[in-house]
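One letter stands for each residue in the lines below.
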Amino acid sequence: MSSQHPRLLTGTATGRDSLLARYSRDMHRDMQQAALHRKTETAGETALMEVEVATKAKSDFIARMSHELRTPLNAIMGFAHILSHTHKADQRTQEYTGYIKEAAEHLLDTVNRMLDLSKIQAGSLVLARDSFHVEEIVPSAIQAVEEQARQRGIEIVTELAGDLGPIEGDAARIKQMLVNLLSNAVKFSHEGGLVRIGADMESEQLALSVADNGIGMTPSQVQAAVSPFGHGYAVSRRGHEGIGLGLAFCAAVIHLHRGRLDIRSTPGEGTVVTAHLPTKLTAHHGKQPPE
Ligand SMILES: Nc1ncnc2c1ncn2[C@@H]1O[C@H](COP(=O)(O)OP(=O)(O)OP(=O)(O)O)[C@@H](O)[C@H]1O
Ligand SMILES: [Mg+2]
């Protein structure tokens, strides 16, 4: 073609030639764009693969590390228990072994939460399919934060609707989610504050909420709070213990149940976190990582 239309290549002269020249230029440009697109696509695919490999490596590392930590932690807890129950254990020994057990339990809990979150992110956590009533998990969730609340004079009240039916889902993980929300509500409340646990049916979903009248968050702090290790106030909240896994875990658990986590917060006024949960699980629940 080029030998028949030499001027086409130089792009000069007649209208017909210039039309062909334009056509050729357009084609060349399209081919360049397609090549660039392919390059970008390949780069995108490579980046995605790298993220997948990194997520898998992180998840494997956390799984191995969790196992390494859990074995000695169980031994520490077990021997602390034995020590506190020997007939020679005086009051001071019992007090100290109590501290050892408490610290080991706290570490074990952190390790388990990291493991759970990493499994969810890797898409390998499958939910248990329990049928339960929300009233069954609330008392033990409160028990987990009761001492913390009592020490700071914070009252916890429950406002559960009377006609709540059974829920299908992972009872242990939903309870853990509630413990996380309660722990935050207590931790970020002022002394003498009030924490409310509410449960109601809204559009055929369970709306399980935890409200506090504590320090609250700005919209950007709320956004940061749900990402793993996200601290709403990285600086001014340094005094509060925690590594920032609680809300990320809650969001991930709710996501696996195909529900929705809603956070409403006003600085200086308080926070309401509501978990909207479908009452039934579908077959593929628990197999997808959060987006
Ligand atoms: N009820 C609340 N009121 C005010 N701020 C909150 C509340 N809940 C969470 N936040 C903010 O969101 C951040 C993230 O919460 P998250 O529960 O994920 O982590 P954490 O409580 O700091 O640590 P962890 O839960 O792992 O012990 C908190 O550090 C805090 O800044
Ligand atoms: Mg927390």
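All of the points below concern the structure found in this document.

1. Re the packing of helix H5 (residues 171-187) against helix H7 (residues 246-256)
Move 1: At their nearest, the axes of H5 and H7 sit 9 Å apart, and the two run at 145 degrees to each other. Handedness of the crossing formed by H5 with H7: left-handed. Note on element contacts: H7 touches H5 through Gly246, Leu247, Phe249, Cys250, Val253 and Ile254, opposite Arg173, Gln176, Met177, Asn180, Leu181 and Asn184.

2. Describing the pattern of salt bridges
Move 1: For the structure shown, the criterion picks out 7 salt bridges.
Move 2: A salt bridge links aspartate 262 to arginine 264, with the shortest nitrogen-to-oxygen separation between them at 2.9 Å.
Move 3: Judged by its relative accessible area of 57%, arginine 264 is exposed.
Move 4: Each member of the salt-bridge network shares a partner with another, and the members are Asp116, Asp170 and Arg173.

3. Describing H7
Move 1: Counting buried positions along H7 gives 10 out of 11 residues, so the element sits mostly inside the fold.
Move 2: Those residues of H7 not exposed but buried are Gly246, Leu247, Ala248, Phe249, Cys250, Ala252, Val253, Ile254, His255 and Leu256.
Move 3: On the buried face of H7, the contacting elements are helix H3 (91-122), H5, helix H6 (219-225), strand E6 (260-266) and strand E7 (270-278).

4. Remarks on the pairing of strand E4 (residues 194-202)
Consecutive side chains along a regular strand alternate between the two faces of the sheet.
Move 1: Bridging between strand E2 (residues 155-160) and E4 involves 6 bridges; their strand directions are parallel. Paired with valine 157 across the bridge in E4 is arginine 196.
Move 2: Both E4 and strand E5 (residues 205-212) contribute to a ladder of 8 bridges, which runs antiparallel. Within the sheet, the bridge partner assigned to methionine 201 lies in E5 and is leucine 206.
Move 3: Linking two consecutive strands that pair antiparallel, namely E4 and E5, is a turn of 2 residues; a positive phi of about 45 degrees is found at serine 203 within it.

5. Regarding the nonpolar core
Nonpolar side chains in soluble globular proteins generally cluster together in the buried interior.
Move 1: Of all hydrophobic cores here, the largest spans 37 residues; its most connected members are Val134, Leu178, Leu182, Leu206 and Leu208.
Move 2: Elements supplying a minimum of two residues to this core: helix H4 (134-151), H5, E4, E5, H6, H7 and E7.
Move 3: In terms of residues, this core owes the most to one element, H5, which gives 9 residues.
Move 4: Ignoring sequence-local partners within four residues, the contact set of leucine 178 consists of Val138, Ala141, Ile197, Leu208 and Val210.

6. Details of unusual backbone geometry
Move 1: Positioned with a positive phi, serine 203 is a non-glycine residue whose angle comes to about 45 degrees.
Move 2: Take serine 203: it is sitting in the loop between E4 and E5.
Move 3: Residue serine 203 is classed as exposed on the basis of its relative accessible area, which comes to 74%.

7. A closer look at H3
Move 1: The end-to-end C-alpha separation of H3 is 46 Å, in line with the 46 Å expected for 32 residues at 1.5 Å each.
Move 2: Taken residue by residue, H3 has Thr97, Ala104, Leu108, Thr110, Val111, Arg113, Leu115, Asp116, Leu117, Ser118 and Ile120 as its buried positions.
Move 3: One or two steps after H3, the chain reaches glycine 123, where phi turns positive at roughly 75 degrees.

Calculation rules
Residues numbered from 1 in each chain as written. Chains lettered and ligands numbered in written order. Predicted model: local features only at pLDDT ≥ 70, side-chain atom pairs only at ≥ 80, totals over all residues. Heavy atoms only, no water. Axes fitted to C-alpha atoms, helices over the stretch in contact; angles between N-to-C directions. Helix = DSSP H or I, 4+ residues; strand = E, 2+ residues; numbered from the N terminus. Left-handed = near helix turned anticlockwise from the far one by under 90°. Contact = heavy atoms within 4.5 Å. Salt bridge = Lys/Arg side-chain N within 4 Å of Asp/Glu carboxyl O. Buried < 20%, exposed > 50% of the residue type's maximum accessible area, 1.4 Å probe, protein only. Pairing = 2+ DSSP bridges. Core = buried A, V, L, I, M, F, W, Y, C linked by side-chain atoms within 4.5 Å. Expected span 1.5 Å × (residues − 1).

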